[in-house]
Amino acid sequence: MHEKGQLENIRHWVKEKLINERTGHDWLHTSRVAALALYIGREEHANLFVTEAAALVHDVIDAKLSESERLTICEVTEQLAAFGIADGTVKEIADIITRMSFRHRGMLRERPLSLEGKTVQDADMLDAIGAVGIARAFTFAGAKGHPMYGSQASVLVHFEEKLFLLKDLMNTKTGIRLAEERHEFLLRFAAQFQKEIEVQER
Ligand code: ADP
Ligand code: NI
């Protein structure tokens, strides 16, 4: 009951923070990641409170957020403590959200994420592939004024440089299983897209 109330508080706080975010770290992304992480966490026997709490706050410290939306890790841990979450649990959550991003993946070899961290990271990566991942990539490009293809900053190059790689970075058995269908869909979409633009270019 206590934990349920704390999660509800976190949910409201983050939703208010991210509701106007337009670059792919919006509230709907967070809310999908939290649901996916809960599903994976159940299958993998992770601690569901840490999993859901970390999923809910995973993007609020992202460097890509605008200054008005971005929080420091201290602000996040202070807020979690203010919601009555125990110090040790707050530390577990902080350890996850400061180390789970794609950019930091090299560092995880020395000290891997906790099971809950691996779960949230899988959920976050799953949301970057499949139909939703494709939609997010085009939304991101639209917000930045990047083209769909034909330049280094295009969506198709982003597919090659990041999205096609995510399937092989999945941590958990459940994540690996869920990534398969989404990865296949991404490949199919990219192949069809390529076919159509080749006709156009002739
Ligand atoms: P993460 O939350 O894993 O750190 P990012 O912040 O890199 O992910 O990206 C958030 C969303 O924006 C993802 O769906 C990602 O695919 C998309 N995105 C990031 N960079 C680009 C880009 N250069 N072109 C198109 N989409 C992008
Ligand atoms: Ni995310």
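Note that this is a predicted model, so its numbers are computed, not measured.

(A) Layout of the overall build of the protein. Of the regular secondary structure elements, the protein holds 9 helices and 0 strands. For the protein, the α and β elements follow one another from N to C terminus as α-α-α-α-α-α-α-α-α. Overall size of the protein, expressed as C-alpha extent along the three principal axes, is 65 × 35 × 30 Å. A burial count over the protein gives 45% of its 202 residues as buried. Summarising the internal contacts of the protein: among those between residues at least 6 apart in sequence, 67% fall at separations of at least 24.

(B) Structural context of the environment of V90. Examined against the element boundaries, V90 turns out to sit in helix 5 (residues 87–99). Distance in space between the C-alpha atoms of V90 and F138 is 34 Å, their sequence separation being 48 residues. In this view, V90 contacts T77, L80, A81 and I85; residues no more than four positions away in its chain are not counted.

(C) The arrangement of the site of ligand 1 in detail. Neighbouring ligand 1 are the residues H25, D59, D62, K64, R103, D124, R136, A137, F140, H158, K162 and L163. A distance of 3.3 Å is found between an oxygen atom of ligand 1 and a side-chain nitrogen or oxygen belonging to R136. Separating a nitrogen atom of ligand 1 from a backbone N or O atom of A137 is a distance of 3.4 Å. Isolated, ligand 1 exposes 550 Å² of accessible area, and the fraction of that covered by the protein chains is 89%. Using a 2 Å cut-off from the grid points, one finds that ligand 1 occupies the largest pocket. When residues in the shell around ligand 1 are grouped by element, the largest group, 3 residues, is from helix 7 (residues 130–144). Looking at side-chain class alone, the shell around ligand 1 contains 3 nonpolar, 2 polar and 7 charged residues.

Cut-offs and rules
- Once a new chain begins, its residue numbering starts again from 1 and follows that chain's sequence as written.
- Think of it this way: whatever chain is written first is A, whatever ligand is written first is 1, and the rest follow in order.
- Per-residue local features are limited, in this predicted model, to residues with pLDDT of at least 70; the limit for side-chain atom pairs, both in listing and counting, is 80 or more; totals at the level of whole chains, interfaces and linings are taken over all residues.
- Side-chain metrics in this entry use all non-hydrogen atoms of the structure; hydrogen atoms and water are not considered.
- Counting from the N terminus, the helices are the DSSP runs of H or I reaching at least four residues and the strands are the DSSP runs of E reaching at least two.
- Categorising residues by exposure relies on relative accessible area from a 1.4 Å probe, with only protein chains included: less than 20% of the type maximum marks a residue as buried, more than 50% marks it as exposed, and the intermediate range marks it as partly exposed.
- The contact criterion used throughout is that any non-hydrogen atoms of two residues lie within 4.5 Å.
- Summary of the distance rule: residues count as near a molecule or strand when at least one heavy atom falls within 4 Å of that molecule or strand.
- The definition of a polar contact used here is a pair of N or O atoms within 3.5 Å, where within protein one atom must be able to donate a hydrogen and the other to accept one, and adjacent residues in sequence count solely through side-chain atom pairs.
- Each accessible area is a Shrake-Rupley estimate made with a 1.4 Å probe; only the visible protein chains count as cover when residues are assessed.
- Here a cavity denotes a set of grid points, spaced 1 Å apart and computed over the protein atoms alone, in which a 1.4 Å probe fits but from which it cannot get out, and a pocket denotes an open set meeting protein on both sides within 12 Å along at least five of seven lines; residues with an atom within 4 Å of a point are reported as lining.
- To qualify as sitting in a cavity or pocket, a molecule needs more than half of its atoms within 2 Å of the grid points.
- The residue classification treats Ala, Val, Leu, Ile, Met, Phe, Trp, Tyr, Cys and Pro as nonpolar and Asp, Glu, Lys and Arg as charged. All others, Gly included, are polar.

Everything listed here is a matter of geometry and, on its own, says nothing about what the molecule does.
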